[in-house]
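Descriptive structure summary
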Amino acid sequence: MCGIFGIFGARKAAELTAIGLHGIQHRAVEYAGIVSSEGHGMHRHAGPGITRDVFDHAAVEKLHGLHALGHIRYSTVEDKPDRDPAQPILGMFNGVPFAVAHNGTLTNWRDVATRRDLRFVTSIDTECIVRLIEWHGRNGIADFHAALAVALSEVRGSFALGILLPEELIAVRDPAGNRPLSIGRINGGYCITSETCALSNVEAEFVSDVAPGTMVRITQAGLELRPYAKPCEHKCRFEAIYFGHPASCIFGEPVQRFRIDLGKALEEACPCPGGDIVSPIPDSATFIAYGYGSSGRSGVFFPVITRSHFVGRTFIVATQADRDEKVSSKFAFSAEEIAGKSIVLVDDSIVRGTTLPKIVRALRRCGAKAIHVRIASPPMRHSCSYGIDTPDETKLIANRVAIDGMAEWSGADSVVYLPMDSLRARSPHPDSFCYACMNGTYW
Ligand code: SF4
């Protein structure tokens, strides 16, 4: 999972872009990069770590211009030690510089690179788009946007893109609309962002989402929408369940409201009569648990686990050793509230199963009378091919432990997942979403 933020036509564009990237930092923590333009040349700074560590005052000061494009990266393809692992990636189209930032994963980039004999300087799938645009520029297409449209017709998979030219910012979503990308208005200019929660960080107003199969050109003349492919939607269902910020509106759906409604649906499908307390595993399950507890039939919402905000998200830590260490230091438990109670523990999903048994053990140590686990998505049995670095299928806990053995494996009294029918029923236009990691239906 990655994040994109860009500014067109505003003073301190690079500084605003760094603030915007910080606002979507929950999407990725491995690398951060910004390219800026003052109308002709481009300036780039990138490095490993989170935005505020990569972009100190001195780094931002060097990124001149009224336009900027930033990216935060969580790698979904293997990096090579001698290759630049950060984005945006720079290219040159018939003597004009450009930069590309990508959220998603291309599924056929190796085939395309071989067929077109493209030479990469990174090991990132995104570079395929950069080199394809250049290739078409060298082979008879004089207009950048025409070359971009042809390049996009050759790649498959998931891509939300920000593309910076010296006097233009372009936002693109793939025909599936798999990842979110929105446009905002800021101080006489425009911004683009992977999530709308970052708009308030830069005092911008929401304008619209970029439609699937559409590129939006942002120039001094304003916005120009150019549909380039027929939409065939497969929006990531997990964006709103887990990845997105609660303050974001993803695919037109307020995330916080979606999670509360999902929690209600979970309680209706998988109630827990006799539950005293409904507690989330923080943070992404907080509003789901709130929804679960709202009827009062299965216990009342009362968080008994708090999360240290000085430890990053466990899912987006790159190694299992890091993950294990972070889980241990991540949570604190309100022992006085837990003792003697029947706890309904709510989470959004179980991926590797790193966290749950440790939390159940901690609740038992605090004296919980019973622990019933409710999961707000169907079992995850398949890897994601579209931009989320899920492990191979043998490492997914739903493939290692039978569903009716989950309680014994985790140490809980019961573990119940949301049925797929309930998730679909809660999804507007349910066939417009991707559920591949849950049902194996790839597109
Ligand atoms: Fe999202 Fe799962 Fe589809 Fe990947 S496979 S895009 S995580 S719903």
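I will try to describe carefully the structure that is included in this document. (Residues numbered from 1 in each chain as written. Predicted model: local features only at pLDDT ≥ 70, side-chain atom pairs only at ≥ 80, totals over all residues. Heavy atoms only, no water.)

A look at the overall build of the protein chain
We apply this condition: Here a helix means four or more residues in a row that DSSP labels H or I, a strand means two or more in a row labelled E, and each is numbered from the N terminus. Values of the radius of gyration come from C-alpha atoms, whereas the globule rule sets the reference at 2.2 Å times the count of residues to the power 0.38. Categorising residues by exposure relies on relative accessible area from a 1.4 Å probe, with only protein chains included: less than 20% of the type maximum marks a residue as buried, more than 50% marks it as exposed, and the intermediate range marks it as partly exposed. Should any heavy atoms of two residues lie within 4.5 Å, those residues are considered in contact. Areas reported as accessible are Shrake-Rupley estimates using a 1.4 Å probe. Residue values count occlusion only from the protein chains shown. For this count, His and the chain ends are skipped, Lys and Arg are scored as positive, and Asp and Glu as negative. One atom stands in for each charge, and that atom is NZ of Lys, CZ of Arg, CG of Asp or CD of Glu.
A count of helices and strands for the protein chain gives 16 helices and 24 strands. Over its C-alpha atoms the protein chain spans a radius of gyration of 22 Å, differing by no more than 12% from the 22 Å that the globule rule assigns to 443 residues. Viewed in the frame of its principal axes, the protein chain has a C-alpha envelope of about 70 × 45 × 40 Å. A buried classification covers 60% of the 443 residues belonging to the protein chain. Contacts in the protein chain between residues at least 24 apart in sequence constitute 68% of all its contacts with a sequence separation of at least 6. Taken as a whole, the protein chain presents about 17,300 Å² of accessible surface, with 52% of it coming from carbon and sulfur. Of note, the protein chain has its 46 positive side-chain charges centred 2 Å away from the centre of its 48 negative side-chain charges.

A short note on helix H12 (residues 356-365)
Among the residues making up H12, those that are buried are Leu356, Pro357, Ile359, Val360, Ala362 and Leu363. Buried residues belonging to H12 abut strand E19 (305-307), strand E20 (331-333), helix H11 (335-338), strand E21 (342-347), strand E22 (370-375) and helix H14 (406-410). Directly beyond the C-terminal end of H12, a positive phi value near 95 degrees is found at Gly367.

Describing the sheet that holds strand E12 (residues 214-219)
Using the following cut-off: The pairing criterion for strands is at least two bridges between them, as found by DSSP. Lines fitted to C-alpha atoms define the axes here, with helix axes fitted over just the stretch in contact, and angles between the N-to-C directions of these axes take values from 0 to 180 degrees.
Within the open sheet, the six strands sit side by side as E5-E6-E7-E8-E12-E13. Their pairing is antiparallel. Each edge of the sheet is formed by a strand with only one pairing partner; in this case those strands are strand E5 (89-93) and strand E13 (222-227). Adjacent strand axes in the sheet meet at a mean angle of 20 degrees when their direction is disregarded. Examined bridge by bridge, strand E7 (residues 160-165) and strand E8 (residues 168-173) share six bridges and lie antiparallel to one another. Each residue of the ladder has a partner; that of Leu161, found in E8, is Val172. Packing against the sheet, helix H5 (residues 127-138) makes contact with E5, strand E6 (96-103) and E7, and its axis sits at approximately 5 degrees to E5.

Points about the side chain of Arg131
Applicable threshold: Between N or O atoms, a polar contact is any pair within 3.5 Å; within protein, one atom must be a potential hydrogen donor and the other a potential acceptor, and residues adjacent in sequence are included only when both atoms are from side chains.
Relative to the elements of secondary structure, Arg131 occurs in helix H5. Separated by 2.9 Å, the side chains of Arg131 and Glu134 make a polar contact. Setting aside chain neighbours within four positions, we find Arg131 in contact with Ile89, Leu90, Gly91, Leu118, Arg119, Phe120 and Val121.

Things to note about the site of the ligand
Just so we agree on the cut-off: Note on terminology: near, applied to a residue and a molecule or strand, indicates that one of the residue's heavy atoms is within 4 Å of it. Gly is placed with the polar residues, together with every amino acid not listed as nonpolar (Ala, Val, Leu, Ile, Met, Phe, Trp, Tyr, Cys and Pro) or charged (Asp, Glu, Lys and Arg).
Lining the immediate surroundings of the ligand are Asn178, Arg179, Cys236, Arg237, Cys384, Tyr386, Ile388, Cys434, Ala436 and Cys437. A per-class count over the shell around the ligand returns seven nonpolar, one polar and two charged.

Considering the nonpolar core
Keep this limit in mind: Think of a nonpolar core as a cluster: buried Ala, Val, Leu, Ile, Met, Phe, Trp, Tyr and Cys residues, connected wherever their side-chain atoms sit within 4.5 Å.
One finds Phe238, Leu262, Leu266, Val346 and Leu423 to be the most contacted residues of the largest nonpolar core, which totals 37 residues. Within the residue set of this core, elements represented by two or more residues are helix H7 (238-243), helix H8 (255-269), helix H9 (286-293), E21, helix H15 (420-425), strand E24 (433-434) and helix H16 (436-439). Here the element with the most residues in this core is H7; it accounts for five residues. When residues no more than four places from it in sequence are discounted, the contact partners of Phe238 are Phe243, Ser349, Ser377, Met380, Cys437 and Met438. Among the nonpolar cores identified, the runner-up in size contains 30 residues, and Val112, Phe144, Leu152 and Leu165 belong to it.

Describing the pairing of strand E4 (residues 67-73)
Side-chain direction in a regular strand flips from residue to residue, so the side chains alternate between the two faces of the sheet. With seven of seven residues buried, E4 lies mostly within the body of the structure. Burial along E4 is two-sided: His67, Leu69, His71 and Arg73 and Ala68, Gly70 and Ile72, pointing in opposite directions, are all buried. Two strands pair when backbone bridges link them, and strand E1 (residues 3-8) and E4 are joined in this way by six bridges, in the antiparallel orientation. Its bridge partner being in E4, Phe5 is matched across the sheet by Gly70. Strand direction decides the pairing type here: strand E2 (residues 31-37) and E4, joined by seven bridges, are antiparallel. Bridge assignment links Ile34 to a residue of E4, and that residue is Gly70.

Description of a nonpolar patch on the surface
Our working definition: Put simply, a patch holds well-exposed residues, over 30% relative accessible area, that have no salt bridge, with like charges counted together within 9 Å and Val, Leu, Ile, Met, Phe, Trp or Tyr side chains within 5 Å. When a carboxyl oxygen of Asp or Glu is within 4 Å of a side-chain nitrogen of Lys or Arg, the pair counts as a salt bridge.
A contiguous nonpolar patch, built from Val207, Leu223 and Leu225 and spanning about 240 Å² of accessible area, is present on the exposed surface. Secondary-structure assignment places Val207 in strand E11 (residues 205-209).

Section: the packing of H8 against H9
What counts, and what does not: By the definition adopted for this analysis, an angle is roughly parallel if under 35 degrees, roughly antiparallel if over 145, roughly perpendicular if from 65 to 115, and oblique otherwise. Handedness of a helix crossing follows the sense of rotation of the near helix relative to the far helix, less than a right angle counterclockwise being left-handed and clockwise being right-handed.
Where H8 contacts H9, the two axes come as close as 6 Å, and the packing angle between them is 45 degrees. Put simply, H8 runs oblique to H9. The chirality of how H8 crosses H9 is right-handed. Residues Gln256, Arg259, Ile260, Leu262, Gly263, Lys264, Leu266 and Glu267 of H8 touch H9, and the partners they reach there are Phe287, Ile288, Tyr290, Gly291 and Tyr292.

Concerning the packing of aromatic side chains
Quick note on the threshold: By convention, a stacked pair of Phe, Tyr or Trp rings (six-membered ring in the case of Trp) has centres within 6.5 Å and planes under 30 degrees apart, an edge-to-face pair has planes over 60 apart, and any other such pair is tilted.
One pass over the full model with this rule turns up nine aromatic pairs. Ring centres of Tyr290 and Phe301 lie 5.4 Å apart, and the angle between their planes is 85 degrees; on these two criteria the pair is classed as edge-to-face. Of this pair, Tyr290 sits in helix H9 while Phe301 sits in strand E18 (residues 300-301); the two residues are eleven residues apart in sequence, bridging distant segments of the chain. What makes Tyr290 partly exposed here is its relative accessible area of 41%.

Brief notes about the pattern of salt bridges
In total, this model carries 22 salt bridges according to the counting rule given. In this structure, Glu233 and Lys235 form a salt bridge, with 3.9 Å as the shortest nitrogen-oxygen distance. Since its relative accessible area comes to 9%, Lys235 is described here as buried. Where Glu253 meets Arg426, a salt bridge forms, and the shortest distance between an N and an O atom there is 3.5 Å. Residue Glu253 is found in strand E16 (residues 253-254), and its partner Arg426 is found in the loop between H15 and E24; the two are separated by 173 residues along the sequence. Each of Arg237, Glu253, Arg257, Asp261 and Arg426 takes part in salt bridges that share partners, so that together they form one network.

Digging into H5
Filter applied, for reference: Helix span is expected to be 1.5 Å times the residue number reduced by one.
In this model, H5 (twelve residues) spans 17 Å end to end at C-alpha, consistent with the 16 Å of a helix rising 1.5 Å per residue. With eleven of twelve residues buried, H5 lies mostly within the body of the structure. Listed as buried for H5 are Glu127, Cys128, Ile129, Val130, Arg131, Leu132, Ile133, Glu134, Trp135, His136 and Gly137. Positive backbone phi, approximately 105 degrees, marks Gly140, located one or two places after H5.

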